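Secondary and tertiary structure notes
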There are 2 protein chains.
Amino acid sequence: MNNIESLDRLINYFSNLPSVGAKTAQRYAYFILNKPKEYVQEFAQALIDANTNVHYCKICGNFTDKDVCDICSTRKNNVICVVKEPKDVLAIEKVKNFKGQYHILHGTLSPLDNRGPDDIKIKELLMRIQEGGVEEVIMATNPDVEGEATAMYISKLLKPFGVKITRLSQGVSMGSDIEYADEVTLARAIEDRKEI
Amino acid sequence: MNNIESLDRLINYFSNLPSVGAKTAQRYAYFILNKPKEYVQEFAQALIDANTNVHYCKICGNFTDKDVCDICSTRKNNVICVVKEPKDVLAIEKVKNFKGQYHILHGTLSPLDNRGPDDIKIKELLMRIQEGGVEEVIMATNPDVEGEATAMYISKLLKPFGVKITRLSQGVSMGSDIEYADEVTLARAIEDRKEI
């Protein structure tokens with residue numbers, strides 16, 4: 001694009017980042033060109049360090065730079081919250097009212113994308129439950145088709161172990177306008193209505 | 001954020017990129033965590049290479065990895081197109097009907113931001129014209145307040161040299177709808193109307 005080999009190479013790497021197009025990648029690259037040498041070297045080192053030091057926690061599958069992540073090593077495993085991705089853990093941790101452990105599936109079942117039970121971390125979840133101590137599993141996969149299907153599939157697998165299986169409640173969002181709620185959500189909210 | 005030092009450090013560097021917020025920086029970082037070691041090392045090297053090899057062309061001020069950029073070393077300097085930033089050169093080069101050289105100001109005059117004539121590359125432009133051979137200077141700064149002011153300021157400076165000074169024509173955009181054109185643009189388009 002610029003006919004400058006090292007610049008075009010950098011733009012190419014930036015444009016491989018998720019949802020980054022050609023123009024954005026170029027802006028990022030120009031930003032780097034204008035930065036002091038030390039800053040760019042530290043940025044480069046940060047890339048390598050994160051990629052080298054960070055791996056999956058051997059219990060829950062979340063990112064950590066230790067063998068076992070901080071959450072797994074400090075909390076009891078009586079309640080396990082099953083999520084699709086590491087970023088879901090951050091979202092739930094922000095709420096601060098969940099004090100159990102997590103299990104990250106790293107994906108959802110998706111026959112269309114050829115993603116079956118062996119492609120996500122279901123086996124690891126079953127092993128954790130077989131080891132004992134788990135009283136409740138909260139299925140916190142996304143409330144979309146794939147998330148629902150994955151939650152249903154896993155809850156069937158877990159039935160024989162006799163643990164309590166729950167799902168995040170679904171309904172209208174707090175602070176939203178009923179007028180604009182979609183039909184499926186509204187139907188679910190009416191069906192699951194609670195006495196006050 | 002994640003309480004993992006090397007991950008948080010990488011997220012921090014990503015969030016320093018232009019227009020990148022916390023969530024986007026996190027997505028970029030997670031993308032890096034999931035990439036093979038070799039890929040990330042090449043990305044890191046690309047950052048350093050671009051920052052080390054690429055600098056300003058000593059004639060026009062555009063980015064290059066040589067002493068003089070490809071455009072300055074292959075084209076005649078009888079017409080010089082003055083732009084604000086290197087990315088403007090890319091935009092004009094795409095059109096393929098301009099065959100002259102460029103001059104990159106690296107900014108516009110902006111008293112509010114304390115940016116005066118010495119903060120952008122006006123001196124370098126005057127030197128190029130003093131060296132001779134320049135017949136026309138096209139002012140292609142943005143058609144906004146700062147771009148207009150900069151174009152006016154420079155054209156006054158250039159007057160004594162006797163070179164022809166032109167400005168990109170302004171008017172309604174091709175393919176646009178007159179109904180939605182802003183008033184200033186429409187007023188200019190009427191004022192600058194051409195006989196057909």
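Residues numbered from 1 in each chain as written. Chains lettered and ligands numbered in written order. Predicted model: local features only at pLDDT ≥ 70, side-chain atom pairs only at ≥ 80, totals over all residues. Heavy atoms only, no water.

Some words on the interface of chain A and chain B
In this complex, chain A contributes 49 residues to the contact, which on the side of chain B involves 49 residues. A buried area of about 4,700 Å², summed over both sides, lies between chain A and chain B, and 66% of it is on carbon and sulfur atoms. When the buried area of chain A at its contact with chain B is split by residue, A:Tyr13, A:Leu47 and A:Asn51 rank highest and sum to 15% of it. Taken together, the connections running from chain A to chain B amount to 2 salt bridges. For B:Asp49, the salt bridge goes to A:Arg9, with nearest N and O atoms at 2.9 Å. Those elements that provide at least two residues to the side of chain A that touches chain B are helix H1 (5–15), helix H2 (22–33), helix H3 (37–53), strand S2 (63–64) and helix H5 (86–95) of chain A. The element contributing the most residues to the side of chain A that touches chain B is H3(A), with 14 residues. Residues that form the side of chain A that touches chain B fall into these classes: 28 nonpolar, 11 polar and 10 charged. (Contact = heavy atoms within 4.5 Å. Buried area = accessible area lost by both parts, 1.4 Å probe. Salt bridge = Lys/Arg side-chain N within 4 Å of Asp/Glu carboxyl O. Helix = DSSP H or I, 4+ residues; strand = E, 2+ residues; numbered from the N terminus. Nonpolar A, V, L, I, M, F, W, Y, C, P; charged D, E, K, R; others polar.)

Here's the deal with the nonpolar core
If you look at the biggest cluster of nonpolar residues, it comprises 49 residues, and the most contacted ones within it are A:Phe14, A:Leu47, B:Phe14, B:Phe43 and B:Leu47. Mapped by element, the contributors of at least two residues to this core are H1, H2 and H3 of chain A together with helix H1 (5–15), helix H2 (22–33) and helix H3 (37–53) of chain B. Ignoring sequence-local partners within four residues, the contact set of B:Leu47 consists of A:Leu10, A:Phe14, A:Ile32, A:Val40, A:Phe43, A:Ala44 and A:Leu47. (Core = buried A, V, L, I, M, F, W, Y, C linked by side-chain atoms within 4.5 Å. Buried < 20%, exposed > 50% of the residue type's maximum accessible area, 1.4 Å probe, protein only.)

Considerations on H1(B)
For H1(B), the full list of buried residues reads B:Ser6, B:Leu7, B:Asp8, B:Leu10, B:Ile11, B:Tyr13 and B:Phe14. The inward-facing, buried residues of H1(B) abut H3 of chain A together with H2 of chain B.

What about the relation of the copies chain A and chain B?
Once chain A has been moved 0.0 Å along the axis and rotated by 180°, it coincides with chain B to within an RMSD of 0.1 Å. Viewed as a symmetry operation, the transformation between the two copies matches a two-fold axis. Rotation axis and chain A: the residue whose C-alpha lies nearest the axis is A:Ala44, separated from it by 2.2 Å. An overlap of 100% is found between the interface residues of chain A and their copies at the interface of chain B, pointing to a shared contact surface. (Least-squares fit on C-alpha atoms with pLDDT ≥ 70 in both.)

Here we look at the sheet that holds strand S5 (residues 136–139) of chain B
Residue and element names in this part refer to chain B. The 4 strands are arranged S4-S3-S5-S6 in an open sheet whose pairing can be described as parallel. At either end of the open sheet lies a strand with only one pairing partner, and these are strand S4 (101–104) and strand S6 (164–167). Pairwise comparison of adjacent strand axes, ignoring direction, gives a mean angle of 25° for this sheet. Relative to S6, S5 runs parallel, the two being bridged by 4 bridges. Directly across from Ile138, in S6, lies its bridge partner Thr166. Here helix H5 (residues 86–95) sits on the sheet and contacts strand S3 (79–83) and S4; the angle it forms with S4, its principal contact strand, is near 155°. Strands S3, S4 and S5 of the sheet are contacted by helix H6 (residues 122–130), whose axis makes an angle of about 150° with S4. (Pairing = 2+ DSSP bridges. Axes fitted to C-alpha atoms, helices over the stretch in contact; angles between N-to-C directions.)

Some points on unusual backbone geometry
Residue and element names in this part refer to chain B. Non-glycine residue Ser19 carries a positive phi angle of around 60°. For Ser19, the position within the fold is in the loop between H1 and H2. We classify Ser19 as exposed; its relative accessible area is 64%. In the Ramachandran plot, Lys96 falls in the positive-phi region, its phi being about 70° despite a non-glycine side chain. Topologically, Lys96 is positioned in the loop between H5 and S4.

Looking at the pattern of salt bridges
With the rule as written, the count across this model stands at 16 salt bridges over all chains. Between A:Arg9 and A:Glu5 there is a salt bridge; the shortest N-O distance is 2.9 Å. Of this pair, A:Arg9 and A:Glu5 both sit in helix H1, 4 residues apart, which is roughly one turn of that helix. The partner of B:Glu93 in a salt bridge is B:Arg75, and the shortest N-O contact between them spans 2.7 Å. You can see B:Glu93 sitting in helix H5 and its partner B:Arg75 sitting in the loop between helix H4 (70–74) and S3, a full 18 residues away along the chain. On the accessibility criterion, B:Glu93 (24% relative accessible area) is partly exposed.

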